[in-house]
Amino acid sequence: MEIEVVSAKNSKVFGKCHVPATISIGDLPAQIHKQLKSTPAPNRQSLRLDPRGKALKDSDTLQSLNLRNGVRIYVKDLGPQIAWTTVFLSEYAGPLLVYLLFYARPSIIYGADADKPISLTAHIAAACYTVHYVKRLLETIFVHRFSHATMPIRNLFKNCSYYWGFTAYVSYHVNHPLFTSPCQVQVLVGLAAFALCEIGNFSIHIALRNLRPPGTKVRKIPMPDSNPFTQLFNLVSCPNYTYEIGAWVSFSIMTNCLAAVLFAIAGGYQMMVWALGKHRNYKKEFTQYPKSRKAIFPFIL
Ligand SMILES: NC(=O)c1ccc[n+]([C@@H]2O[C@H](COP(=O)([O-])OP(=O)(O)OC[C@H]3O[C@@H](n4cnc5c(N)ncnc54)[C@H](OP(=O)(O)O)[C@@H]3O)[C@@H](O)[C@H]2O)c1
């Protein structure tokens, strides 16, 4: 069938394209770019039926959307893209380096007090931070099966500033020569809870991976498997975020550090917003989605 391709920004007509009615929206950008060279590269295109409307879903086809011959398809240019893996690697390798920089207690930052011994709690905190970000790096490379290969490059600067900046703030304080550790029981309770939340977060990431066959963009209703940590799927849609928030709350308890509390609140708020969006999408996408599930906090939200 014939489609007319138009810019969503200024309604400039790129031209007409001939494609099979059965083509999926996900495959359409490559065809459009092949036939109309002046359109943005395929991974920069977001297709819609209205210049200000919602993006069409990759899994739909022209036929399933009941589109007729000659239909106008608007192309929104998403701007320069960067591979997700590169994004995650920069987002996560940065905090590791930044945290360890303060942990090394440079005198240029801490002055004459830099020689004071580092407390056991600060050593444990550095180990926890390292384990968390090494785990995330390894998950990015070996576990996650992302559906989108790229994202807009401007997000890289936003996300890196968030992760690197907060890490510097937390690490500066926890490794400060004047840092005062809470009592041993509080440190141990925080450490144990942190470890459990990290294992929980990892378990959920494995369960999400197993939902999607390799090389596909399939989405399914997540369900608990034989790993007891995945039981949280019975209560919330995004238990990986629940565990992640738990890990940073535990880290805050362990260190008694205000900067860590603020990081837990900022990350928690962002994950809450995402979880509400994902929860809404699950309910829209799957009619049989379990009714009793909340988005992120069991029985509450
Ligand atoms: N500290 C913080 O501020 C902070 C903030 C955000 C994230 N994080 C951490 O980073 C991790 C990854 O974040 P994320 O937002 O990318 O996690 P996510 O959206 O929950 O997804 C993780 C992976 O699972 C896939 N997936 C999710 N639901 C699926 C389903 N129903 N069927 C099939 N596959 C599915 C996703 O695919 P798609 O590519 O299709 O989505 C993605 O590859 C989080 O779990 C969290 O631990 C930390």
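Nothing here was measured: the structure is a model prediction, and the numbers come from that model. (Residues numbered from 1 in each chain as written. Predicted model: local features only at pLDDT ≥ 70, side-chain atom pairs only at ≥ 80, totals over all residues.)

### Describing helix H1 (residues 28–35)
Because an α-helix completes one turn every 3.6 residues, residues spaced three or four positions apart along the sequence face the same direction.
Turning to step 1, where the next piece is worked out: Turning to H1, its buried residues number three or more, namely Leu 28, Pro 29, Ile 32 and His 33. The buried residues of H1 occupy one face: seen down the axis, they fall within an arc of 130 degrees. (Buried ≥ 20, exposed ≤ 12 C-beta atoms within 10 Å, placed from the backbone. Helix = DSSP H or I, 4+ residues; strand = E, 2+ residues; numbered from the N terminus. Arc of directions from axis to C-beta.)

### Some thoughts on the domain arrangement of the protein
Turning to step 1, where the next piece is worked out: For the protein, the domain assignment lists domain 1 (2–79) and domain 2 (82–285).
Turning to step 2, where the next piece is worked out: The gap between the C-alpha centroids of domain 1 and domain 2 is 37 Å.
Turning to step 3, where the next piece is worked out: Taken residue by residue, the interface counts 4 residues in domain 1 and 6 residues in domain 2.
Turning to step 4, where the next piece is worked out: Taken together, the residues of the side of domain 1 that touches domain 2 sort by class into 1 nonpolar, 2 polar and 1 charged. (Domains from an automatic or database assignment. Contact = placed C-beta atoms within 7 Å. Nonpolar A, V, L, I, M, F, W, Y, C, P; charged D, E, K, R; others polar.)

### A short note on the site of the ligand
Turning to step 1, where the next piece is worked out: Taken together, 19 residues surround the ligand, and among them Phe 146, Ser 147, Leu 208, Asn 240 and Gly 267 come closest.
Turning to step 2, where the next piece is worked out: Elements represented by at least two residues in the shell around the ligand include exactly helix H6 (184–211), helix H7 (239–255) and helix H8 (258–285).
Turning to step 3, where the next piece is worked out: Split by residue class, the shell around the ligand holds 7 nonpolar, 7 polar and 5 charged. (Near = placed C-beta within 6 Å.)

### Let's talk about the nonpolar core
Turning to step 1, where the next piece is worked out: Ranked by size, the top nonpolar core spans 35 residues in total, and within it Ala 125, Trp 248, Phe 251 and Ala 260 carry the most contacts.
Turning to step 2, where the next piece is worked out: Of all the secondary structure elements, the ones that give two or more residues to this core are helix H2 (84–103), helix H4 (120–142), helix H5 (154–174), H6, H7 and H8.
Turning to step 3, where the next piece is worked out: It is H7 that provides the largest number of residues to this core, a total of 8 residues.
Turning to step 4, where the next piece is worked out: Sequence-distant contacts of Ala 125, defined by excluding residues within four places in its chain, comprise Val 174, Met 254 and Thr 255.
Turning to step 5, where the next piece is worked out: Grouped together as the second largest cluster of nonpolar side chains are 10 residues, Ile 3, Leu 28, Ile 32 and Leu 47 included. (Core = buried A, V, L, I, M, F, W, Y, C linked by C-beta atoms within 7 Å.)

### Examining the packing of H6 against H7
Turning to step 1, where the next piece is worked out: Put simply, H6 and H7 touch, their axes get as near as 8 Å, and they point 160 degrees apart. Judged on the interaxial angle alone, H7 and H6 are roughly antiparallel. Here H6 and H7 pass one another in a crossing that is left-handed.
Turning to step 2, where the next piece is worked out: Considering only residue class, the contact of H6 with H7 consists of 13 nonpolar, 8 polar and 2 charged. (Axes fitted to C-alpha atoms, helices over the stretch in contact; angles between N-to-C directions. Parallel < 35°, antiparallel > 145°, perpendicular 65-115°, else oblique. Left-handed = near helix turned anticlockwise from the far one by under 90°.)

### A look at the pairing of strand S4 (residues 71–77)
Turning to step 1, where the next piece is worked out: The pairing of strand S1 (residues 2–7) with S4 spans 5 bridges and is parallel. Residue pairing across strands places Val 6 opposite Tyr 74, the latter belonging to S4. (Pairing = 2+ DSSP bridges.)

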